[in-house]
Amino acid sequence: QVQLVESGGGLVQPGGALRLSCAASGTIASINAMGWYRQAPGKQRELVAAITSGGSTNYADSVEGRFTISRDNAKNTAWLQMNSLKPEDTGVYYCKFRLRLTVAIVPYDYWGQGTQVTVSA
């Protein structure tokens, strides 16, 4: 019924930049919050950045000032611009959308498949 497809991960040197995208497709009525999470090896998944339908954003302290989350409601797409990347930013990045399907009454959380980001010299 709905699919979230991520792209944009890869290998980058410290100080470099990457831009992740996450596009949702399916019978979607509305999307509330969009968020990006990451999971480093041996660690729990953590919130990196989130954006509401109205455009309000919040960031993890570790990425504040370096990462920017944005969205296009018409395209059901979110982006994460990551600048000044550090080795500790390495991990699998997942997008999560809270959305309501046309056949549903309430919204649910849907996850992307994850994309690997590796920051290394």
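Here is what the cut-offs are and how they apply
Residues numbered from 1 in each chain as written. Predicted model: local features only at pLDDT ≥ 70, side-chain atom pairs only at ≥ 80, totals over all residues. Heavy atoms only, no water. Patch = residues over 30% accessible without salt bridge, like charges linked within 9 Å, V, L, I, M, F, W, Y side chains within 5 Å. Areas by Shrake-Rupley, 256 points an atom, 1.4 Å probe, with all protein chains shown as cover. Salt bridge = Lys/Arg side-chain N within 4 Å of Asp/Glu carboxyl O. Helix = DSSP H or I, 4+ residues; strand = E, 2+ residues; numbered from the N terminus. Pairing = 2+ DSSP bridges. Axes fitted to C-alpha atoms, helices over the stretch in contact; angles between N-to-C directions. Core = buried A, V, L, I, M, F, W, Y, C linked by side-chain atoms within 4.5 Å. Buried < 20%, exposed > 50% of the residue type's maximum accessible area, 1.4 Å probe, protein only.

Asker: Looking at this model, I keep getting lost on a nonpolar patch on the surface. Mind explaining?
Answerer: Among the surface-exposed residues, Ile105, Val106 and Tyr108 lie close enough to one another that they form a single nonpolar patch of about 350 Å² accessible area. Tracing the chain through its elements places Val106 in the loop between strand 9 (91-101) and strand 10 (108-111).

Asker: Is there a simple way to think about the sheet that holds strand 7 (residues 67-72) in this case?
Answerer: The pairing of strands in a sheet happens through backbone hydrogen bonds and is either parallel or antiparallel. If you trace the four strands from one edge of the open sheet to the other, you get 1-3-8-7, paired in antiparallel fashion. Sheet topology places strand 1 (2-7) and strand 7 at the edges, where each strand pairs with a single neighbour. Recorded for the sheet is a direction-independent mean angle of 15° between the axes of neighbouring strands. Bridge count for strand 1 against strand 3 (residues 18-26) is six bridges, and the pairing is antiparallel. Residue pairing in the sheet places Gln3 in a bridge with Ser25 of strand 3.

Asker: How should the nonpolar core be read in this particular structure?
Answerer: Within soluble globular proteins, side chains that are nonpolar generally end up buried alongside one another. Ranked by internal contacts, the top residues of the largest apolar core, which has 30 residues, are Trp36, Phe67, Leu80, Met82, Tyr93 and Phe97. Where this core is concerned, the elements lending two or more residues are strand 3, strand 4 (28-39), strand 5 (46-51), strand 7, strand 8 (77-82), strand 9 and strand 11 (115-119). Examining the composition of this core, we find that five residues originate from one element, strand 9, more than from any other.

Bear in mind that shape data such as this cannot, by itself, settle questions of function.
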